Amino acid sequence: MFNTVFKKLVSVYLIVILVIFAVLGVSMIKIFENYYFEKRSEALIVEGQKLNSTVIKYLNHQVTYERLEIEMEAIERFLNTKVWVVDKMGYVYGVSNRSETKLIGRQLTEKDIVNVLKGNIIAKRGSYDEYFESPVMTVGIPIFINGKVENGIFMHSPIYEIKETLNETYKIIIYSILISMTIAVILLYFISQKISRPIKEINQITKVIASGEFDKRVSIMSKDEIGQLAVSFNHMAEELDKLEEMRKGFIADVSHELRTPLTLIKGYVKGLMDVELSEERRVEYLDIINRETGRLTELINNLLDLSKMESGKDIPNMEVFDINELIRRIIINYSNKLEEKDINVEVRFNYDPTLVLADKESISQVISNLVDNAIKFMNSGGNLLIETETKENKALISIKDTGIGIPESDLNNIWQRFYKGDKARSRQIKGTGLGLSIVKEIIKNHKEQIWVESKVGEGTVFRFTLELFNGN
Ligand SMILES: Nc1ncnc2c1ncn2[C@@H]1O[C@H](COP(=O)(O)OP(=O)(O)O)[C@@H](O)[C@H]1O
Ligand SMILES: [Mg+2]
């Protein structure tokens, strides 16, 4: 339940919540305090002003001190505020509480007192705490008679009241923090579940795929990053699946290609064991066995070539050579076959010599394979045209035949291993279906291009590029 995504989210969120509430709480308390003091001092000033007229009456001997005392006591009782009255020299002559009569007759010299007696109103907190049991806020008001300060009223209101109110605020803040945290933890639990569930699913399916079940997919529909991961993952699984299919197909193809000649060889070897076999037949059988073993050797050589190239171990051995010269030599090699089929060969070289930078042996294999195919898929009397041209820094080599052509539907498949077009025909025409895959690998290793154009019944042309040698 407490997986790591959850833990991480919770710790981050809790820190954020705590910081927010701390900042909010401190500023709220400050604002609240200021507001409270302002309102309280305003109220005290209003009370003080009311008392003002009684004090003036007392000074004018219109009321007795007792009357003034009663009023001060009332303020103390109802507003919980202690009152002092001082004369213009700062001598206390009236107090609201009888227990403070010891103050009477004492001269107060604090700066604030002097300030008030100069005619200013003051509002302070914490300056007179020494006179009282608990901290107080103090408001001082001057009393004017005929425009001159005659007396001052000082009112002290205990602060513990506000402390209580602030304690309430602290409580509210702490409760809010607790509630927000609880809600956050609950929400985060579900969110992290939502996040981790698909990751867990992908994880699980990765293991299943790793164990060989390539058809498994994850079923995540979300559009977020995890959804994208799921799509990529499924794509990867699909590619793995295809690869696996290819691997299986490859093994089946190889086995099949090996079995056919081996069965033939076995059959004819058995035939050879027959003592009554005529010399003529024996020669014929041996001929077939020879041909089939040759085929097997070719197949295995082709497979070895392919695997070497695909493993990336076959680094092209680049050298400068004349491609035209190579073509001439290959044509000479094929002269028997060309004559056999009465094929007319034409070569067109734009520049002679055409120097290219490539792996001579591999390119020789490419041209041989293409010429071999051209001859194989032509009827007697066809035309074979081999051309070299130069374009910018590339040599373009074309091998064109007037053979049977390749149906459009086959054009993409011919590069695949073991692909042989037109099954009925290929039984008579020998071949492994590996020729073009080798050609493609070699060109790919050279980082060059090869492509094919063909029309059924008219013929086929294979073209590929090579790097021209700069000195050309
Ligand atoms: N010049 C061509 N004309 C017609 N079909 C061709 C030609 N070259 C290749 N093909 C088709 O492509 C297939 C694959 O060629 P390749 O890989 O060389 O195998 P293979 O020669 O052993 O059949 C051939 O079986 C054939 O169907
Ligand atoms: Mg071939």
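What comes next is a walk through the structure. Just so you know, the residues in each chain are numbered from 1, in the order the chain's sequence is written. A letter from A marks each chain and a number from 1 marks each ligand, given out in the order of writing. In keeping with the predicted nature of the model, local features appear solely for residues at pLDDT of at least 70, side-chain atom pairs appear and are counted solely at 80 or more, and the whole-chain, interface and lining totals rest on all residues.

### Observations regarding the overall build of the protein chain
Helix and strand definitions follow DSSP, with helices as H or I runs of at least four residues and strands as E runs of at least two, each counted in order from the N terminus. If you tally the helices and strands in the protein chain, you get eleven helices and twelve strands. Compactness check: the protein chain gives a C-alpha radius of gyration of 53 Å against a globular reference of 23 Å for 472 residues, more than 25% above the reference. Looking at the protein chain as a whole, 23% of its 472 residues qualify as buried. Each residue gets a C-beta atom placed from its backbone, and two residues are in contact if those atoms lie within 7 Å. For the protein chain, contacts bridging at least 24 residues in sequence account for 65% of all contacts bridging at least 6. Values of the radius of gyration come from C-alpha atoms, whereas the globule rule sets the reference at 2.2 Å times the count of residues to the power 0.38. We call a residue exposed when 12 or fewer other C-beta atoms sit within 10 Å of its C-beta, buried when the count reaches 20 or more, and partly exposed for counts in between; the C-beta positions come from the backbone.

### Some points on helix H5 (residues 225-272)
One fewer than the residue count of a helix, multiplied by 1.5 Å, yields its expected span. Relative to the 70 Å expected for 48 residues at 1.5 Å per residue, H5 spans 70 Å between its end C-alpha atoms, a close match to the ideal helical length. For H5, the complete set of buried residues consists of Ala230, Ala237, Glu257, Pro261 and Tyr268.

### Here we look at the site of ligand 1
A molecule or strand has a residue near it when that residue's C-beta atom, placed from backbone coordinates, lies within 6 Å of it. Inspection of the region around ligand 1 gives 22 residues, with Asn373, Gly421, Gly431, Gly435 and Leu436 positioned closest. When contributions to the shell around ligand 1 are tallied by element, the ones reaching two or more residues are helix H9 (360-376) and helix H11 (435-445). With three residues, the single largest contributor to the shell around ligand 1 is H9.

### With respect to unusual backbone geometry
Across residues other than glycine, the phi torsion is negative in most instances, and most of the peptide bonds are trans. Residue proline 353 follows aspartate 352 across a cis peptide bond; omega there is 0°. Among the secondary structure elements, proline 353 is positioned in the loop between strand S7 (344-349) and strand S8 (355-359). The backbone of histidine 61 sits at a positive phi, close to 60°, despite the residue not being glycine. Mapped onto the elements, histidine 61 comes out in the loop between helix H1 (4-59) and helix H2 (65-79). Its identity as a non-glycine residue notwithstanding, glutamate 392 has a phi of 50°, on the positive side. Relative to the assigned elements, glutamate 392 resides in the loop between strand S9 (383-391) and strand S10 (394-401).

### Quick word on the environment of asparagine 97
Mapped onto the elements, asparagine 97 comes out in the loop between strand S2 (92-95) and helix H3 (111-117). Assessed through the 15 C-beta atoms surrounding it within 10 Å, asparagine 97 is described here as partly exposed. Sequence-wise, asparagine 97 and tryptophan 84 are 13 residues apart; in three dimensions their C-alpha atoms are separated by 9.0 Å. Residues contacting asparagine 97, with those up to four places away along its chain left out, are Glu76 and Lys82.

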